[in-house]
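A structural walkthrough
Read off the chains here:
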Amino acid sequence: MVGYAFMGAAHSQAWRTVNRVFDLPLRARMVAVAGQHADRVSAAAHQLGWEESTTDWRTLVDRPDIDVIDICTPGDSHAEIALAALAAGKHVLCEKPLANSLDEARAMASAAAAADARSMCGYNYRRVPAAALMREYVTSGRLGAIRHVRAVYLQDWIVDPAFPLVWRLRKERSGSGALGDIGSHIVDLTQYVTGQSIASVSALTETFVRSRPLPGEAAAGLGGVAATGFGEVTVDDAALFLARFGGGAVGTFEATRFATGRKNGLRIEINGEHGSLAFDLERLNELEYYDARLPGPEQGFRRILVTEPGHPYLSAWWPPGHVIGWEHSFTHQARDFIDAVATGGELRPSFADALGVQLVLDAVERSASAGAWTTV
């Protein structure tokens with residue numbers, strides 16, 4: 001694994017857990033983790049369960065005893081690591097969004113298509129059982145023709161203008177702001193659930209706080225002392241867009257890190273000719289379903305508790321009613337990755353799928369810049 005911070009910890013939890021929960025044809029051995037600082041990555045290896053650590057990810061690509069490279073770094077290094085790993089015949093799991101630019105994403109998808117090794121992009125919310133069940137309901141025709149898609153992803157962790165200028169607020173490191181960080185999730189999830197691709201968008205983006213204290217500076221509101229240095233925020237704080245789907249549906253999307261009071265508020269709703277479905281990440285064991293074909297007195301949204309062994313992934317976990325959490329989506333991701341590598345099954349989302357998301361993000365940025373409807 002390359003990178004060991006937030007996503008590295010989530011992925012490590014998954015690799016530690018997956019073979020203890022699921023009966024799979026291969027076992028994951030956590031050989032080595034790479035990071036920039038020797039002391040920090042060594043401590044992370046000990047805490048997260050890795051056998052070794054290194055400050056040079058290239059040594060992992062060269063090692064014959066390593067089969068998989070798991071990329072959990074900022075977006076500016078995704079392409080370099082993934083291309084090297086695929087060229088060396090390693091299977092690759094890469095965090096989202098796939099890359100920082102459309103050209104990088106295209107190169108990665110092309111390399112993945114030509115490689116003997118397998119690859120997948122880590123849009124983990126596909127692996128929440130309720131979201132996977134939502135897709136089953138849509139693809140089985142329960143909603144009929146899809147009319148509307150509504151999707152929001154709301155956070156508030158940078159509302160304070162004294163919050164420092166971390167890498168996620170610099171375009172050269174992250175590619176974009178709320179759009180790529182969290183907006184990519186709802187683009188992927190809605191396309192996955194509906195089976196339709198976004199065809200065109202009309203967008204706006206906004207940056208509310210345009211300069212922030214440099215990391216390491218003591219800032220008012222954080223350390224109680226005025227900062228001595230500031231840097232420019234070069235990404236969006238919020239992105240909103242209308243969308244037309246190729247299958248005829250229309251959609252609204254909002255991604256912001258300035259929704260005061262919202263910590264991780266992802267919600268999608270699908271309205272069809274025969275009914276509606278809604279999923280809320282903060283109630284991730286539930287799915288809301290409305291069946292318009294029931295007699296009038298019986299109509300109304302009903303809650304489906306997604307904990308039954310017949311629901312996606314849940315036969316390996318607890319008795320009905322015993323809920324699971326956010327981290328389980330990463331274990332399910334590791335489960336699907338290992339199973340597909342072992343059996344030759346399909347790995348989704350592929351790098352080609354992730355390129356599809358990147359095309360939407362690019363269209364949103366172009367639309368916001370031009371102030372016009374833009375084709376994906």
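Residues numbered from 1 in each chain as written. Predicted model: local features only at pLDDT ≥ 70, side-chain atom pairs only at ≥ 80, totals over all residues. Heavy atoms only, no water.

**Observations regarding the overall build of the chain**
For the chain, the helix and strand inventory stands at ten helices and 16 strands. Taken against the 2.2 N^0.38 rule, which gives 21 Å for 376 residues, the C-alpha radius of gyration of the chain at 21 Å falls within 12% of a compact globule. C-alpha extents for the chain along the principal axes are approximately 65 × 50 × 40 Å. Across the 376 residues that make up the chain, the buried fraction comes to 53%. Residue pairs in contact within the chain that sit at least 24 positions apart in sequence constitute 69% of those at least 6 positions apart. Of the roughly 16,200 Å² of accessible surface on the chain, 50% is carried by carbon and sulfur atoms. In the chain, 35 side chains carry a positive charge and 43 a negative one; their mean positions are 3 Å apart. (Helix = DSSP H or I, 4+ residues; strand = E, 2+ residues; numbered from the N terminus. Rg over C-alpha atoms; globule rule 2.2 N^0.38 Å. Buried < 20%, exposed > 50% of the residue type's maximum accessible area, 1.4 Å probe, protein only. Contact = heavy atoms within 4.5 Å. Areas by Shrake-Rupley, 256 points an atom, 1.4 Å probe, with all protein chains shown as cover. Lys, Arg positive; Asp, Glu negative; His and termini not counted. Charge placed at Lys NZ, Arg CZ, Asp CG, Glu CD.)

**Focus on the pattern of salt bridges**
Scanning the entire structure with this criterion turns up 26 salt bridges. Between D181 and K96 there is a salt bridge, and its shortest N-O distance comes to 3.8 Å. Placement of D181 in helix α8 (residues 178-194) and of K96 in the loop between β4 (91-95) and α5 (102-114) is noted, with a sequence separation of 85 residues between them. By the burial criterion, D181 is buried, and K96 matches it. One salt bridge connects E269 with R150, and the closest N-O pair in it is separated by 3.4 Å. (Salt bridge = Lys/Arg side-chain N within 4 Å of Asp/Glu carboxyl O.)

**Observations regarding the packing of aromatic side chains**
As enumerated under the stated definition, the model contains twelve aromatic pairs in all. Between F22 and W317 the ring centres are 6.3 Å apart and the planes differ by 90 degrees, which places this aromatic pair in the edge-to-face class. Taken as a pair, F22 in the loop between α1 (6-21) and β1 (32-34) and W317 in the loop between β15 (302-305) and α9 (328-343) lie far apart in primary sequence, 295 residues in all. Here F22 falls in the buried class, since its relative accessible area comes to 9%. Overall, the relative accessible area of 13% leaves W317 in the buried class. With a centroid separation of 5.3 Å and an interplanar angle of 45 degrees, the aromatic rings of Y290 and F301 are classed as tilted. Of this pair, Y290 sits in strand β14 (residues 286-291) while F301 sits in the loop between β14 and β15, placing them eleven residues apart in sequence. Taking NZ or CZ as reference, R142 lies 3.9 Å from the ring centre of Y137, over its face. Its end group placed over the ring of W373, R244 keeps NZ or CZ at 5.8 Å from the ring centre. (Phe/Tyr/Trp six-rings, centres within 6.5 Å; stacked < 30°, edge-to-face > 60°. Lys NZ or Arg CZ within 6 Å of the ring centre and 35° of its normal.)

**Looking at the confidence of the model for the chain**
Low-pLDDT stretches of the model should not have their predicted coordinates read in fine detail. Residue-level pLDDT values for the chain average 96, and 97% of them are 70 or greater. Considering only residues more than four positions removed or in separate chains, one finds that residues 217-226, a stretch of pLDDT under 50, has 19 contacts. (pLDDT = per-residue confidence, 0-100.)

**What about helix α6 (residues 129-139)?**
In an α-helix, one turn spans 3.6 residues, which is why side chains three or four residues apart end up on the same side. A large share of α6 lies buried, amounting to eight of its eleven residues. Taken from the residues just after α6, G141 is the one with a positive phi, measuring 90 degrees.

**Quick look at unusual backbone geometry**
In the segment running from K96 into P97, the intervening peptide bond is cis, with an omega of -20 degrees. Across the junction of R348 and P349, the peptide omega takes the value 0 degrees, indicating a cis bond. With respect to the helices, strands and loops of the structure, P349 is situated in the loop between α9 and α10 (351-370). Although it is not a glycine, Y313 sits at a positive phi angle of roughly 70 degrees. For Y313, the position within the fold is in the loop between β15 and α9.

**A word on the sheet that holds strand β3 (residues 68-71)**
Spatially, β3-β4-β5 is the arrangement adopted by the three strands of the open sheet, whose pairing is parallel. Whereas interior strands pair on both sides, the edge strands pair on one side only; in this sheet they are β3 and β5 (119-122). For this sheet the average axis-to-axis angle between neighbouring strands, irrespective of direction, equals 10 degrees. By the bridge criterion, four bridges tie β3 to β4 in an arrangement that is parallel. Looking at the pairing, D70 lines up with L93 of β4. Its contacts with the sheet place α10 against β4 and β5, and it is angled at close to 40 degrees to β5. (Pairing = 2+ DSSP bridges. Axes fitted to C-alpha atoms, helices over the stretch in contact; angles between N-to-C directions.)

**Considerations on the sheet that holds β15**
If you trace the nine strands from one edge of the open sheet to the other, you get β15-β14-β13-β12-β6-β11-β10-β7-β16, paired in mixed fashion. Two strands close off the open sheet at either side, each with one partner strand: β15 and β16 (374-375). Pairing of strand β6 (residues 146-154) with strand β11 (residues 250-256), which is carried by seven bridges, proceeds in the parallel orientation. Its bridge partner lying in β11, L154 is registered against T256.

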